[in-house]
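Each chain, letter by letter, is given below.
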Amino acid sequence: MADLELIDCGDGRRLERFGGVIVERPAPMATDAMQLRPADWAKPDLRWSKGAWTRGAAHDPWPVAAAGLTFECRPAAGGQVGVFPEHAASWSWLAGAVREASDRLGRPPEVLSLFAYTGGASLACARAGARVAHVDASRPAVAWARRNAELSRLADAPIRWLVDDARAFVRRERRRGRTYDGVVLDPPTYGHGTGAWQIDADLDALLEDLAALAGRRPSFVALSAHTPGYDADRLAALVRDGFGVRADGEPLVLRARSGAVLRLGAWARGGAR
Ligand SMILES: C[S@@+](CC[C@H](N)C(=O)[O-])C[C@H]1O[C@@H](n2cnc3c(N)ncnc32)[C@H](O)[C@@H]1O
């Protein structure tokens, strides 16, 4: 049985299994009615409600396997547990893109992973043979990603762990004349950093700097977002126009065991492949 499973969603809530642990959290986009009976929702191990863990706040960290990686999950701030299951499919795509790029380039591709959180995309690329710059503005998130690298037997992989503002790091790399073969980013709607990140105000300039770093024809680009208005077509157009490559977009969707469907944003991928 897969370690990541959406059991049901509806009435503004989602019920999921991460390894052996059942988690219930809000899902404002789950506007239909729940499919399962109230009894099936009654006793999750963890419940996040009204801004706090109201069940399982003291739960010990536990391991969860996905896409050949191992993640440490735990009840964390904001109702997160350390993995965004809707990204698991993109990690498999990234691994394939890295392998193709290695074959084409005849060397390990250099990958820049921004807003990299607990490391899913960075570790998927490293496991497939890339050299990775992992950038996140949150020191605890970078420490968590390093823990996931250890659990995934990638502690010695060529990953640079960088606590930095994505915009500032990319501008500095551009001034230094650095280049990258692949770029992956999952910008939040709002974030941290000097003059906090706002996707509407900051994404265009970031993509322009990234396109300069990635050169005329990057091996691959993956851009995801969970912000209303950033649908698959818009993200694909941003990748196509920004990087001058072919690109496809698709919604990020989780299908529940109950038959319910949860839409969680979109992603676009493209490149020289
Ligand atoms: C939506 S999460 C990314 C989830 C990740 N892609 C995954 O699937 O595991 C957004 C991340 O962006 C980081 N972040 C927010 N503002 C930032 C900034 N200005 N520069 C770099 N990282 C930032 C946050 O710390 C957080 O880890």
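Here the structure is a predicted model, which means the values were calculated and not measured.

Asks: Looking at this structure, I do not really get the domain arrangement of the protein chain. What am I missing?
Replies: The parts lose accessible area when they come together, and the size of an interface is often stated as this lost area. Domains assigned within the protein chain are domain 1 (4–79) and domain 2 (85–271). Each of domain 1 and domain 2 has a C-alpha centre, and the two are 25 Å apart. Taken together, the contact pairs 23 residues of domain 1 with 23 residues of domain 2. Looking at the side of domain 1 that touches domain 2, the elements that each hand over two or more residues are β1 (4–10), β2 (13–18), β6 (62–66) and β7 (69–73).

Asks: Just checking my understanding: could you explain the nonpolar core for this structure?
Replies: Proteins that are soluble and globular tend to have nonpolar side chains buried together. Core analysis: the biggest nonpolar cluster contains 82 residues, and L94, V98, A124, C125, L223, L235 and V239 have the highest contact counts within it. Each of domain 1 (4–79) and domain 2 (85–271) contributes no fewer than three residues to this core.

Asks: How should I be thinking about the sheet that holds strand β9 (residues 131–136) in this particular structure?
Replies: Consider a sheet: its strands pair through backbone hydrogen bonds, and that pairing is either parallel or antiparallel. Here we have 7 strands laid out as an open sheet, ordered β10-β9-β8-β11-β12-β14-β13, and mixed in their pairing. Only two strands of the sheet have a single neighbouring strand rather than two, namely β10 (159–163) and β13 (246–255). Direction aside, neighbouring strands of the sheet carry axes that sit 15° apart on average. The sheet contacts of helix α4 (residues 139–151) involve β9 and β10, and relative to β10 the element is tilted by about 160°.

Asks: Please clarify how the sheet that holds strand β5 (residues 52–55) should be interpreted in this entry.
Replies: The strand order β1-β2-β3-β4-β5 describes an open sheet built from 5 strands, whose pairing is mixed. Of all the strands in the sheet, just β1 and β5 have a single pairing partner and so form its edges. Strand-to-strand, the axes of this sheet are offset by a mean angle of 25°, without reference to chain direction. Here β1 runs beside β2; their pairing, made up of 6 bridges, is antiparallel. Its bridge partner being in β2, L6 is matched across the sheet by E16.

Asks: Would you mind showing me how to read unusual backbone geometry here?
Replies: Note: most residues except glycine have negative phi, and most peptide bonds are trans. The backbone of A67 shows a phi angle near 50°, a positive value even though the residue is not glycine. Within the fold, A67 resides in the loop between β6 and β7. With a phi angle near 50°, Y117 is a residue other than glycine that sits in the positive phi range. Within the secondary structure, Y117 is located in the loop between β8 (110–114) and α3 (120–127).

Asks: Could you clarify how one ought to interpret helix α5 (residues 166–175) in this entry?
Replies: Of the residues making up α5, those classed as buried are A166, R167 and V170. Around the axis of α5, the buried residues are gathered within 95° of arc, so they sit on the same side. Packing partners of the buried residues in α5 comprise β8, β9 and α6 (199–214). Looking at the residues trailing α5, positive phi occurs at G177, about 75°.

Asks: How should the pairing of strand β12 (residues 220–225) be read in this particular structure?
Replies: In terms of residue burial, β12 counts as a mostly covered element, since 6 of its 6 residues are buried. As defined by bridge partners, strand β11 (residues 182–185) adjoins β12 across 4 bridges and the pair is classed as parallel. In the sheet register, V184 faces β12, and the bridge partner there is A222.

Asks: Hey, could you run me through α4 in this one?
Replies: Three- or four-residue spacings in an α-helix give side chains the same orientation, since the helix completes a turn every 3.6 residues. In a regular helix each residue adds 1.5 Å, so 13 residues correspond to 18 Å; α4 covers 19 Å between its end C-alpha atoms and thus fits that length. Here α4 has its buried residues at A141, V142, W144, A145, N148 and A149. The buried residues of α4 occupy an angular sector of 160° when the element is viewed end-on, so they sit on one face. Away from the buried face of α4 by more than 90 degrees, exposed residues R139, P140 and E150 are located. Structurally, α4 contributes buried residues whose contacts are with β7, α3, β9 and β10. Of the residues flanking the end of α4, it is R153, one or two places downstream, whose phi is positive at about 60°.

Asks: Is there a simple way to explain the environment of G182 in this structure?
Replies: Here G182 lies in strand β11. Among all residues touching G182, those that are not within four sequence positions of it are A97, V98, A101, P109, V111, A130, P218, S219 and F220.

Cut-offs and rules
Residues numbered from 1 in each chain as written. Predicted model: local features only at pLDDT ≥ 70, side-chain atom pairs only at ≥ 80, totals over all residues. Domains from an automatic or database assignment. Contact = placed C-beta atoms within 7 Å. Helix = DSSP H or I, 4+ residues; strand = E, 2+ residues; numbered from the N terminus. Core = buried A, V, L, I, M, F, W, Y, C linked by C-beta atoms within 7 Å. Buried ≥ 20, exposed ≤ 12 C-beta atoms within 10 Å, placed from the backbone. Pairing = 2+ DSSP bridges. Axes fitted to C-alpha atoms, helices over the stretch in contact; angles between N-to-C directions. Arc of directions from axis to C-beta. Expected span 1.5 Å × (residues − 1).

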